[in-house]
Amino acid sequence: MGSRRALVTGLTGQDGSFLAELLLEKGYQVTGLIRRAPDAHLGCAEHLRGEVGLLAGDLLVPDSLTEAVAAAGAHELYHLAAPSYVPDSWQQPAKTVAAIAGATATLLEAVRDYSRQTRVFIAASGAMFGAAPESPQREQTPCQPQNPYATAKLAAHQLVGQLRAHDSIFACSGILFNHESERRPESFVPRKIARAAAAIKLGMADAVTLGDLAASRDWSFAGDVIRGAWLMLQQDRPGDYILASGVSHTVAQLAETAFAHVGLDARDHIRVDPTLVRAPESTRQLGDPGHAHQRLGWMPTLTFEQLIGRMVDFDLRALQGSGTAT
Ligand code: NDP
């Protein structure tokens, strides 16, 4: 059997780069769909240059997606690209919906019409549960999204189920709760804290400014989550699965863990800026990964503590190498 071909959108992001590494290890031919010029820096996937093919495509240009799906003739399509920073969705709700829901519809339609053998994974989000009536959330929990990003992800998720039923395509939705790594930008609080703990340990900074310390999330390791995405496409039948740790931690606990990892007490180094505090959430964001455990045999390899430790260690090495705290 020749090697399997995978098309990955969002190659240059956190998840796309981990997924491409996993697929290459498994012997796939990997093509990444990118919106930047092929000779521009490939972001998180720059180290894979030469090992992956590249195709041009922009979520906001539907024809570019259709052409890529038809040209790639992939066995598996992993749709990870999205404007993924939730606060931005308030500035550009129309663009957010087009880039997430619109692009998902285009990709599913393209697979149906031009590449029916392609199995499709779509990255939905635990954010779509919003003010859901229960916690932890399961695949069947009713959704009450609270921002344009979450609304768009819910639409993408529902489109997967609808085209799967109506057009018999092999499409899966991964309802992903927060997942992190050293490849996250510092605009996301876990990386901000990990970087700060490393910088303070090295004497390059003395404090980190945070918002609501009581806010909680269900955090996993990105490398584990994308393995769950791959597992979904290896099943006999398509389905939707929550990928989450099933444990929630507060921002304060995250900071305690990060600072303790380098022998410091977080309380000595945290400043709270009330302007960074968002409105409290009525429902705790927490996923129940039971379905994925049972059906996919998916289990995380890193605990919360190991994940945060990995991130802090990375930043210690990076800062020692660069000699700068930026
Ligand atoms: P990143 O922000 O790291 O990566 C996003 C990717 O999408 C980048 O490759 C980016 O390209 C690409 N992209 C954004 N806009 C466009 C566009 N208009 N056209 C083409 N490509 C575009 O996100 P993650 O890797 O963390 O997340 C992967 C997916 O999982 C996303 O869909 C996200 O919404 C979802 N998700 C992530 C969670 C998490 O905690 N990480 C939680 C729940 C869901 P470029 O580099 O050019 O900007």
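Below is a short write-up of the structure.

Thresholds applied
Residues numbered from 1 in each chain as written. Predicted model: local features only at pLDDT ≥ 70, side-chain atom pairs only at ≥ 80, totals over all residues. Heavy atoms only, no water. Phe/Tyr/Trp six-rings, centres within 6.5 Å; stacked < 30°, edge-to-face > 60°. Helix = DSSP H or I, 4+ residues; strand = E, 2+ residues; numbered from the N terminus. Buried < 20%, exposed > 50% of the residue type's maximum accessible area, 1.4 Å probe, protein only. Lys NZ or Arg CZ within 6 Å of the ring centre and 35° of its normal. Core = buried A, V, L, I, M, F, W, Y, C linked by side-chain atoms within 4.5 Å. Domains from an automatic or database assignment. Contact = heavy atoms within 4.5 Å.

It is worth spelling out the packing of aromatic side chains at this point. One pass over the full model with this rule turns up five aromatic pairs. Between the aromatic rings of Tyr 85 and Phe 188, the centroid separation amounts to 5.4 Å while the plane-to-plane angle is 75 degrees, which identifies the pairing as edge-to-face. One end of the pair, Tyr 85, is in the loop between β4 (76-79) and α3 (88-91); the other, Phe 188, is in the loop between β7 (179-180) and α6 (189-201), with 103 residues separating them in the sequence. Judged by relative accessible area, which is 29%, Tyr 85 ranks as partly exposed. Owing to a relative accessible area of 15%, Phe 188 belongs among the buried residues under this scheme. Centre to centre, the rings of Phe 129 and Phe 177 are 6.1 Å apart; their planes meet at 25 degrees, and the pair counts as stacked. In this pair, Phe 129 is assigned in the loop between β5 (119-125) and α5 (148-167) and Phe 177 in the loop between β6 (171-176) and β7, connecting sequence segments 48 residues apart. Note on accessibility: Phe 129 and Phe 177 belong to one class, buried. Looking at Lys 26, its charged tip hangs above the ring of Trp 230, at a distance of 4.0 Å from the centre.

This next bit is on the nonpolar core. Ranked by internal contacts, the top residues of the largest apolar core, which has 60 residues, are Leu 19, Leu 23, Tyr 78, Phe 121, Ile 193 and Phe 259. Of the residues that make up this core, three or more belong to each of domain 1 (5-179 + 219-243) and domain 2 (185-217 + 248-284 + 303-322). The contacts of Leu 23, once residues within four sequence positions are left out, are Ala 6, Val 8, Tyr 28, Val 30, Tyr 78 and Trp 230. Membership of the second largest hydrophobic core comes to 29 residues, among which are Leu 77, Ile 100, Ala 127 and Ala 156.

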